[in-house]
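Each chain, written out:
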2 protein chains.
Amino acid sequence: MKNIIIASTSTLHGGDYLEYLLPELSIHFKNCKTVLFIPYARPSGITHDEYTAKAAAAFSTIAIKIKGIHEFQDPIKAIEQAEGIFTGGGSTFVLVTELYKNNIMTVLGQAVKNGTPYLGTSAGSVICGLSMQNTNDMPIVYPPSFQTTGLIPFNINAHYLDPDLNSKHMGETRATRIKEFHAYNSIPVLGLREGSWLDVKGSKVVLKGDLQAILFKQKQIAETIEVNTDLSDLK
Amino acid sequence: MKNIIIASTSTLHGGDYLEYLLPELSIHFKNCKTVLFIPYARPSGITHDEYTAKAAAAFSTIAIKIKGIHEFQDPIKAIEQAEGIFTGGGSTFVLVTELYKNNIMTVLGQAVKNGTPYLGTSAGSVICGLSMQNTNDMPIVYPPSFQTTGLIPFNINAHYLDPDLNSKHMGETRATRIKEFHAYNSIPVLGLREGSWLDVKGSKVVLKGDLQAILFKQKQIAETIEVNTDLSDLK
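Fair warning: this is a prediction, and the values are worked out from it, not measured in the lab.

Caption draft 1: Expanded view of the packing of aromatic side chains. Scanning the entire structure with this criterion turns up 19 aromatic pairs over all chains. Through a chain of ring-to-ring contacts, the aromatic side chains of Phe93(A), Tyr142(A), Phe146(A), Phe93(B), Tyr142(B) and Phe146(B) assemble into a single cluster. Its guanidinium or amino end placed over the ring of Phe72(A), Lys67(A) lies 4.8 Å from that ring's centre, counting from NZ or CZ.

So, in structure tokens, the structure goes:
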């Protein structure tokens, strides 16, 4: 049975890394002594070791060990044998490229479908969708495909931001870019604000956190989704 | 001799489409009765016809006709025979995909190198760089490559925005994303604010408009570029 937390962000303003999620995580990973960390997204270009140390520091406060996937000879086996998996944020383009390069995009999806508890934040959440096409990141490397694990049958826009009505900036808003996406694609897109997450248990998908989310569907007006809404039928 | 205007945006806050650039454009395209418009980027998903009509309305005020490249049977010939070329903004991913699909990425670069006056705004400016890797757009379609025309030997970040120091949003800033780019690439990136443009005459590249630009180079601190700075040696 799937058991997934898909979080918009790792860090809230004024808070420490993962701090707001720790009470959830100590339940989510309660049967894990060690969680496998996928540091591929390398935020700000930090190394796999540096990123893994950051994750380890946060998880140590709930008495869980972290081991980086780059420390294993065989990343496929590392995923198949993991008690729990956490993929951190950073560049979605780099993350997806590395997952394909190491032949673990499908393996990861399969392990999580089979019940390995999974946490994604930001880029690590985007890869839970059908494709990475609603990332906010720059295309800094060229991935072999934009397809991701499809653990949920829709896409995630992480760090969702409402249009700033006072701004004089004329660059496109998230909503405009998602509208452009829907000129070519029919996949629904859920805009998850920072502090929101999806709780996935089996086929049940529920919005958690304090904030509403915004749901974009092709040829439809965007819809506000209240906290605790059951999104199991969304596809 | 190259003769190019590379503009951050088409439209300033409170202004009409291309309005702020029209005095420049009437000089830039002074030998053109008709300018070829490349509407492939389809902002907000509007059609090629709708987008071409919008460009035509703006250019009619300086007595220049616009013809959309989609109206030609042979887009290669359309570019080779154009008196002037304008590529509008929208989705850089869609634009680059269409340029490759129609086999005109190289043809376009060659025509402009040979002296056909060119105007790019937003996505139409990003393709003047070595690659589209510093676009702000979502990867809504999968292009065969991120390489672009290389009319200038660096990359453009259009609609450049400074980090908002009052924001409580923790999503990555432009500067962070460009830093991540430089973890994998050595190409300099010029952040062009809305209202700025590069004037390219032969091998001379000069920053125009009222605002400073920001120059990002690998392993260096970002640099402020003053108006009228000669960027001809930047690469």
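Caption draft 2: Expanded view of the pattern of salt bridges. All names here are of chain A. Taken as a whole and judged by the stated rule, the model has 10 salt bridges over all chains. Of the charged contacts, one joins Arg-193 and Asp-162 as a salt bridge, the two residues approaching to 2.8 Å between their closest N and O atoms. In this pair, Arg-193 sits in the loop between strand S7 (189-191) and strand S8 (197-201) while Asp-162 sits in the loop between strand S6 (155-157) and helix H7 (174-181), placing the two residues 31 residues apart along the sequence. For Asp-162, a relative accessible area of 39% gives the class partly exposed. When the shortest N-O distance is used, the salt bridge between Lys-201 and Asp-199 registers 3.3 Å. A relative accessible area of 35% means that Lys-201 is categorised as partly exposed. Overall, the relative accessible area of 14% leaves Asp-199 in the buried class.

Caption draft 3: How the structure looks around the interface of chain A and chain B. Facing 47 residues of chain A, the contacting portion of chain B comprises 47 residues. Both sides together, the interface formed by chain A and chain B hides about 4,000 Å², and carbon and sulfur atoms give 61% of it. A per-residue breakdown of the area chain A buries against chain B is headed by Met138(A), Tyr142(A) and Tyr184(A), which together make up 18% of the total. Put simply, chain A and chain B have two salt bridges between them. Where Arg177(B) meets Asp137(A), a salt bridge forms, and the shortest distance between an N and an O atom there is 3.7 Å. Linking chain A with chain B are 23 residue pairs in polar contact (both at pLDDT 80 or more), by the criterion used here. Residue assignment for the side of chain A that touches chain B shows that the elements contributing at least two residues are helix H4 (92-101) and H7 of chain A. Broken down by class, the residue content of the side of chain A that touches chain B amounts to 20 nonpolar, 18 polar and nine charged.

Caption draft 4: Seen up close, the environment of Lys2(A). Residues and elements named next belong to chain A. Here Lys-2 shows up in the segment before strand S1 (3-7). A sequence separation of 197 residues divides Lys-2 from Asp-199, and the C-alpha atoms of the two residues are 10.0 Å apart. Residues within four places of Lys-2 in sequence aside, it is in contact with Val-112, Lys-113, Leu-151, Val-200, Lys-201 and Gly-202. Polar contacts involving the side chain of Lys-2 include one to the main-chain carbonyl oxygen of Leu-151, which spans 2.7 Å.

Caption draft 5: Structural context of the relation of the copies chain A and chain B. After a rotation of 180° and a shift along the axis of 0.0 Å, chain A superposes on chain B with an RMSD of 0.0 Å. Those values place the two copies in the arrangement expected of a two-fold rotation axis. The overlap is high: 100% of the interface residues of chain A also sit at the interface in chain B, so the same surface is used on both sides.

Caption draft 6: Structural context of the sheet that holds strand S11 (residues 223-225) of chain A. All names here are of chain A. Overall, mixed pairing links the four strands, which are arranged S6-S7-S10-S11 in an open sheet. Of all strands in the sheet, those bounded by a partner on one side alone are S6 and S11. Direction aside, the axes of adjacent strands within the sheet are offset by 30° on average. Bridging between S7 and strand S10 (residues 213-216) involves three bridges; their strand directions are antiparallel. By the bridge assignment for S10, Gly-191 is matched with Ile-214. Together, S6, S7 and S10 form the strand contacts of H7, whose direction differs from that of S6 by roughly 160°.

Caption draft 7: The arrangement of the sheet that holds strand S10 (residues 213-216) of chain B in detail. All names here are of chain B. Taken in spatial order, the four strands line up as S6-S7-S10-S11 in an open sheet, and their pairing is mixed. Because the sheet does not close on itself, it has two edges, and the strands there are strand S6 (155-157) and strand S11 (223-225). Taking each pair of neighbouring strands and ignoring which way they run, the sheet shows an average axis angle of 30°. Its contacts with the sheet put helix H7 (residues 174-181) on S6, strand S7 (189-191) and S10, and the angle it makes with S6 is roughly 160°.

Caption draft 8: Main features of the environment of Gly195(A). Residue and element names in this part refer to chain A. Relative to the helices and strands, Gly-195 is located in the loop between S7 and S8. Accessibility expressed as a relative area gives 10% for Gly-195, which makes it buried. For Gly-195 and Leu-211, which are 16 residues apart along the polypeptide, the C-alpha to C-alpha distance reads 7.1 Å. When near neighbours in sequence (up to four residues on either side) are disregarded, Gly-195 contacts Thr-9, Leu-12, Tyr-20, Lys-208, Gly-209 and Asp-210.

Caption draft 9: Molecular detail of the layout of surface pockets. Space inside the largest pocket adds up to approximately 1,200 Å³. Surrounding the largest pocket, 37 residues form its lining, Leu161(A), Asp162(A), Asp164(A), Arg174(A) and Leu161(B) being those nearest its centre. If you tally residues by element for the lining of the largest pocket, the top one is H7(A), at three residues. For the lining of the largest pocket, the per-class residue count stands at nine nonpolar, 14 polar and 14 charged. Roughly 430 Å³ of volume is contained in the second largest pocket. Elements with a minimum of two residues in the lining of the second largest pocket: helix H2 (48-60) of chain A together with H7 of chain B. Residues of the lining of the second largest pocket, tallied by class, amount to five nonpolar, 12 polar and three charged.

Calculation notes
Numbers given to residues run from 1 along each chain, matching the order in which its sequence is written. Each chain is given a letter, starting from A, and each ligand a number, starting from 1, according to the order in which they appear as written. Side-chain atom pairs in this predicted model are given and counted only at pLDDT of 80 or more, local residue features only at pLDDT of at least 70, and totals for whole chains, interfaces and linings cover all residues. The side-chain figures draw on all heavy atoms in the structure; neither hydrogens nor water molecules are used. Stacked, tilted and edge-to-face pairs are distinguished by plane angle, under 30 degrees for stacked and over 60 for edge-to-face with tilted covering the rest, among Phe, Tyr and Trp rings (Trp via its six-membered ring) whose centres lie within 6.5 Å. To sit over a ring, a charge needs its Lys NZ or Arg CZ within 6 Å of the ring centre and within 35 degrees of the ring normal. Salt bridges are identified by distance alone: a Lys or Arg side-chain nitrogen within 4 Å of an Asp or Glu carboxyl oxygen. Each helix is a run of H or I in the DSSP string that is no shorter than four residues. Each strand is a run of E no shorter than two, and both are numbered from the N terminus. Each residue is assigned to one of three classes by its accessible area relative to the maximum for its type, calculated with a 1.4 Å probe on protein chains only: buried under 20%, partly exposed between the two thresholds, exposed over 50%. The criterion used for residue contact is that any of the two residues' heavy atoms lie within 4.5 Å. Accessible area that two parts lose when put together, with a 1.4 Å probe and added across both, is what the buried area reports. Polar contact criterion, stated in full: a pair of N or O atoms within 3.5 Å, where within protein one must be able to donate a hydrogen and the other to accept it, and residues adjacent in sequence count only if both atoms are side-chain atoms. Three categories are distinguished: nonpolar for Ala, Val, Leu, Ile, Met, Phe, Trp, Tyr, Cys and Pro, charged for Asp, Glu, Lys and Arg, and polar for the others, with Gly belonging to the last. In superposing the copies, a least-squares fit is computed on C-alpha atoms, taking residues whose pLDDT is at least 70 in both. Paired strands, in this sense, are two strands between which DSSP finds at least two bridges. Note on method: axes are straight lines fitted to C-alpha atoms, helices fitted across the in-contact stretch only, with angles between N-to-C directions ranging 0 to 180 degrees. Cavities and pockets are defined on a 1 Å grid built over the protein atoms alone: a cavity is a set of grid points where a 1.4 Å probe fits but cannot escape, while a pocket is an open set with protein on both sides within 12 Å along at least five of seven lines, and lining residues are those with an atom within 4 Å of any such point. Grid points are joined across faces, edges and corners, and a volume is the space filled by probe spheres set on the points.

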